[in-house]
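# Secondary and tertiary structure notes
This is what each chain is made of:
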Amino acid sequence: MTEFWTQFGIWIGALCTLAIWSFLYKDNPFYKIAEQIFVGISAAYWFVYTIYNILIPNFFEKIFTDFSANWLLLIPGVLGMMMVLRIFPKLDFLGKYPLALMVGTTAGLGIIMYLKTDVLSQVVSAMVNPFTGGTVLAVLGAFILIVGTLSGLVYFFFSKKHEGFTGGVARLGIIFLMISFGASFGYTAMARISLLIGRLQFLLGDWLGILGN
Amino acid sequence: MNLQKIDRRWIFLFMLVGVMLPLIFPIGFKIEVMPNTKAVYDLIDSAKPGDRILMSFDFDPGSGPELSPVATAITRHAIEKDLKIVYLALWPMGVNLGNLIYEKEKDNLIWGENFINLGYIAGGLVAIQSMGRNFTEVFPTDANGNSIHNFPILKDVKNFSDFAFVVSISAGTPGIKEWIMSAGDKYGLPVTGGTTAVSTPGFLPYVNTGQLHGIIGGLKQAAEYEMLIGQPGTATSGMDAQSIAHIIIIIFIIIGNIAWYRNRKQQKEAKK
């Protein structure tokens, strides 16, 4: 019986994949059906998952089993309810308070961490002595890092018109940015192809069984 | 023939055939190992038998083809090194993706002794910070709802100092960035992992600063990792198709540019 349901799942997966791919030819009812199934199942999955894996174990179970130790949970519980009240236009204003609390807390918690991780550590790593690399390639790499960082920063410096020396450095910054966008595009293309490979491995292997293990 | 007006469905068809054929008839292109992959391998290889490691499944099935091979290869390496593996997930669907790997590898894993899946934890950055303060308070039970005090793998675990490092397999937020910010920069736990190829360039600066101990970017580097541990898997078998697809893309980019230049030249001549 388990084998039957496994095969059934594989067939559903394969037919849905083909239905979604049919959009590449042109929009059609099969694509629409598969898309709607995906949206519906995703929403239902999230809804059920949130109730059973987040709300019940983290809130209801704790409140009902040991109230005296967990009564503080009522505060986030009430705030959560206030957020849901946004669906009623007359009580919409109540949803703004938990939202404000969330924004403020997230900003407060994150700002120091972002400052350390994304600013200070990166600035320190850019302050290198290019001649300590050892090999010619390492020295060249360090120079490229310094020039790329500085010219990139100049490109985003808008308080001075980009002309003359500043304009030249900014143009160099654009070149570095373009190279970085090119690398990102290359990685993006690679990622999309990987997803296609994953689907084809499923179709040709799990479904049709024409790939070796 | 105006190449700029070519029906794009021909490109889709070329790509489909170009990817499908190497999967059916493997060519066997050589795979070179990049330093970033080797750095991940070295960190895991340097762990002592019996060390506990965290593996965070921060992705969903949409990124599965790219990231599941990464997670599988790292799990196999950890098993080979006799490490104690603790799975958790910052994404809800990550729990089941972890369980799928456990099902495949369970001949070498004993739930609660050298492996456990703690399930999903909501909160991202805040949850990681809480783990750093008191790990068992954040995860009172495993993914099946059993108290973690029943399992020897988590005996005496208090916080991140009881783990050798964390591996985040990440497709977005919350993910590897949050692990770097909190577990790495705040608590000093070494962070490594794998990301989708799309997001890999964004994480390379963290590798340069040493905040991230190498990175496995997508299927290509997953194949490199499989090669390093000597266990070819789905990533390795997809590499021929990946290479052929890249060649097709390069050819189409060249054709597209030639067509664009030719078109522009014709328009200039027409204006004259």
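Residues numbered from 1 in each chain as written. Chains lettered and ligands numbered in written order. Predicted model: local features only at pLDDT ≥ 70, side-chain atom pairs only at ≥ 80, totals over all residues. Heavy atoms only, no water.

## Structural notes on the side chain of E178 of chain B
You can see E178 of chain B is positioned in helix α7 (residues 176-184). It is K177 of chain B that comes nearest to the buried, bridge-free E178 of chain B among opposite-charge side chains, at 6.5 Å. Within the structure, the side chain of E178 of chain B is placed 2.8 Å from the backbone nitrogen of G175 of chain B, a separation counted as a polar contact. Beyond its immediate stretch of four places on either side in the chain, E178 of chain B contacts Y114 of chain A together with L125, I128, T173 and A183 of chain B. (Helix = DSSP H or I, 4+ residues; strand = E, 2+ residues; numbered from the N terminus. Buried < 20%, exposed > 50% of the residue type's maximum accessible area, 1.4 Å probe, protein only. Lys, Arg positive; Asp, Glu negative; His and termini not counted. Salt bridge = Lys/Arg side-chain N within 4 Å of Asp/Glu carboxyl O. Polar contact = N/O pair within 3.5 Å; in protein donor to acceptor, adjacent residues only side chain to side chain. Contact = heavy atoms within 4.5 Å.)

## Details of the domain arrangement of chain B
Each domain of chain B was delimited in the assignment, giving domain 1 (3-26 + 241-271) and domain 2 (35-233). A C-alpha centroid distance of 39 Å is found between domain 1 of chain B and domain 2 of chain B. (Domains from an automatic or database assignment.)

## As for the interface of chain A and chain B
Interfaces are frequently sized by the accessible area removed from exposure as the parts join. The partner chain B presents 50 residues to the 37 residues of chain A that form the contact. When chain A packs against chain B, the two sides together hide about 3,600 Å² of surface, and 73% of this comes from carbon and sulfur. Of all residues in chain A, M113, Y187 and M190 of chain A give up the largest surface area on contact with chain B, accounting jointly for 17% of the area buried on that side. Across the salt bridge formed by K177 of chain B and D118 of chain A, the nearest N and O atoms sit 3.0 Å from each other. For the pair chain A and chain B, the interface holds 13 residue pairs in polar contact (both at pLDDT 80 or more). With 18 residues, the single largest contributor to the side of chain A that touches chain B is helix α7 (residues 164-207) of chain A. Partitioned by chemical class, the residues of the side of chain A that touches chain B number 24 nonpolar, 10 polar and 3 charged. (Buried area = accessible area lost by both parts, 1.4 Å probe. Nonpolar A, V, L, I, M, F, W, Y, C, P; charged D, E, K, R; others polar.)

## Here's the deal with the pairing of strand β2 (residues 84-89) of chain B
All names here are of chain B. Within β2, 5 of the 6 residues are buried, leaving the element largely enclosed by the surrounding structure. Where strand β1 (residues 52-58) meets β2, 5 bridges bridge the pair, whose relative direction is parallel. Its bridge partner being in β2, I53 is matched across the sheet by I85. Two strands pair when backbone bridges link them, and β2 and strand β3 (residues 115-120) are joined in this way by 4 bridges, in the parallel orientation. By the bridge assignment for β3, Y87 is matched with N117. As for the winding sense of the linkage, the β-α-β connection from β2 through helix α4 (residues 94-105) to β3 is right-handed. (Pairing = 2+ DSSP bridges. Right-handed = clockwise from strand over helix to strand, strands pointing away.)

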